[in-house]
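Residue strings, one per chain:
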Amino acid sequence: MAIDGPAGAGKSTVARAVAEALGFTYLDTGAMYRAVALASLRGLDEVGALDIQLDGGLVLLNGEDVSSIIRTAAVSEQASIVANDPAVREAMVAQQRAIVAGGDYVAEGRDIATVVAPDAEVKVYLTADPAERARRRAAELGMDPAEVEADLRARDERDSSHGRTTLSAAPGAWELDTTGLSIDEVVDAIAARVSEVSA
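All values derive from a computational prediction rather than experimental measurement.

Trainee: If you had to explain the overall build of the chain to someone new, which residues and values would you point to?
Mentor: Scanning the chain from terminus to terminus reveals eight helices and eight strands. For 199 residues, the compact-globule estimate of 2.2 N^0.38 gives 16 Å, and the C-alpha radius of gyration of the chain, at 16 Å, lies within 12% of that figure. Within the chain, the fraction of its 199 residues that count as buried is 44%. Pairs at least 24 apart in sequence give 71% of the contacts found in the chain among residues at least 6 apart. About 9400 Å² of surface is accessible on the chain, with carbon and sulfur atoms providing 51% of the total. Side chains of the chain give 18 positive and 33 negative charges; the mean places of these two sets differ by 3 Å.

Trainee: Give me the lowdown on the pattern of salt bridges, citing residues and values where you can.
Mentor: Opposite charge on two side chains allows them to pair when their charged atoms are near. Applying the stated criterion across every chain, the model contains seven salt bridges. A salt bridge links D28 to R71, with the shortest nitrogen-to-oxygen separation between them at 2.7 Å. Of this pair, D28 sits in strand β2 (residues 25-28) while R71 sits in the loop between β5 (64-65) and α3 (73-82), and the two are 43 residues apart along the sequence. Judged by relative accessible area, which is 28%, R71 ranks as partly exposed. With its nearest N and O atoms 3.2 Å apart, the salt bridge here joins E132 to R135. With E132 and R135 both in helix α6 (residues 130-141) and three residues apart, the pair spans about one turn of that helix. Beyond isolated ion pairs, a larger network of salt bridges with shared partners links R16, D28 and R71.

Trainee: Got a sec to walk through the environment of M92? Specific residues and values, please.
Mentor: Take M92: it is sitting in helix α4 (residues 86-100). In this structure M92 comes out as buried when scored by relative accessible area, which is 0%. Leave out the neighbours within four places in its chain, and M92 touches M32, Y33, V36, V47 and I52.

Trainee: Please set out helix α1 (residues 11-22) residue by residue, giving values where relevant.
Mentor: Spanning 12 residues, α1 covers 16 Å between terminal C-alpha atoms, matching the ideal 16 Å at 1.5 Å per step. Those residues of α1 not exposed but buried are K11, V14, A15, V18 and A19. For α1, the angular spread of buried residues about the axis comes to 130°, placing them on one side. Exposed residues on α1 whose side chains face more than 90 degrees from its buried face are E20 and A21. Looking at the packing, one finds that the buried side of α1 touches β1 (2-4), β2, β6 (105-108), β7 (123-127) and α8 (183-198). Phi turns positive, to about 75°, at G23, one or two residues after α1.

Trainee: Give a description of the sheet that holds strand β3 (residues 52-55) that names residues and reports values.
Mentor: Read from one edge to the other, the open sheet built from three strands follows the order β3-β4-β5, with strand pairing classed as antiparallel. Looking along the sheet, the strands with just one partner apiece sit at the ends: β3 and β5. As judged from the two bridges shared by strand β4 (residues 58-61) and β5, these two strands associate in the antiparallel manner. Note on β5: the bridge partner recorded for L60 is D65.

Trainee: So what about the packing of α1 against α8? Which residues, and what values?
Mentor: At their nearest, the axes of α1 and α8 sit 10 Å apart, and the two run at 55° to each other. Considering the angle they form, α1 stands oblique to α8. Considering the relative orientation of α1 and α8, their crossing is right-handed. Two secondary-structure elements touch here, α1 through T13, V14, A17, V18, A21 and L22 and α8 through I183, V186, V187, I190 and V194. Of the residues belonging to the contact of α1 with α8, the class tally is 10 nonpolar, one polar and no charged.

What counts and how
Each chain carries its own residue numbering, running from 1 in the written order of its sequence. Side-chain atom pairs in this predicted model are given and counted only at pLDDT of 80 or more, local residue features only at pLDDT of at least 70, and totals for whole chains, interfaces and linings cover all residues. Side-chain metrics rest on all non-hydrogen atoms present in the structure, leaving aside hydrogens and water. Numbering of helices and strands runs from the N terminus; a helix is a DSSP stretch of H or I covering at least four residues, while a strand is a stretch of E covering at least two. Here the globule rule is a power law, 2.2 Å times the number of residues to the power 0.38, and the radius of gyration is based on C-alpha atoms. Exposure categories follow from relative accessible area, calculated using a 1.4 Å probe and restricted to protein chains: below 20% of the type maximum is buried, above 50% is exposed, and the middle band is partly exposed. Contacts were defined at the residue level, with two residues in contact if any of their heavy atoms lie within 4.5 Å. Using the Shrake-Rupley algorithm and a 1.4 Å probe, accessible areas are obtained, with residue cover drawn only from the displayed protein chains. The convention is simple: Lys and Arg are positive, Asp and Glu are negative, and His and the chain ends are not counted. Just so you know, the charge point we use is NZ for Lys, CZ for Arg, CG for Asp and CD for Glu. For this analysis, a salt bridge means a side-chain nitrogen from Lys or Arg found within 4 Å of a carboxyl oxygen belonging to Asp or Glu. Here, expected helix span is obtained from the residue count minus one, scaled by 1.5 Å. Arc, as used here, means the arc of the directions from the helix axis to the C-beta atoms. One requirement defines pairing of two strands: DSSP has to find at least two bridges between them. Axis angles are defined between N-to-C directions and span 0 to 180 degrees, where every axis is a line fitted to C-alpha atoms and, for a helix, only to the segment in contact. Angles below 35 degrees are treated as roughly parallel, those above 145 as roughly antiparallel, those between 65 and 115 as roughly perpendicular, and all remaining angles as oblique. For any helix crossing, the convention is left-handed if the near helix is rotated counterclockwise from the far helix by under a right angle, and right-handed if that rotation is clockwise. Gly falls in the polar group here, along with every residue not listed as nonpolar (Ala, Val, Leu, Ile, Met, Phe, Trp, Tyr, Cys, Pro) or charged (Asp, Glu, Lys, Arg).

Following this line, the structure appears as structure tokens:
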């Protein structure tokens, strides 16, 4: 299953919950880009030399547990920048394709259904009102919602460059606006969609 959508739409939280509900494995592609971003901030720019492992809930960069540090605002900003580097994208997409080919995964990110897993049986595009997205991300980061909203708008614009399709649903994707919905409501709606497609 591929779950796409803009930053702050709830992709990671929803994907984890959907994977658990369906008995699938969750693939946090964003964590992979964040790990590359952290390496870049540390002066390690050769993506081919990086060993990024997702081990349950842990993210390991060259053997170091970086699960918490990659969620900081500085790394988030840098992740959006490195994701536009063709060499980084090529390396990450190749890894992600190899991972999802190995079983039942719920993969989420900015353009999973169009680039990484275009043949996914179920494609979901999560979206939400910009103010709602900013409120969620601000609560997560402990920041001012207005500042976060401005950052999200800038990130959306940057992430949509270089031929990426982060602000529109992939062909055949089911679009779900999560504004005002609880996580449980979103998960139930997606699970129902999976049942429909599998029937």
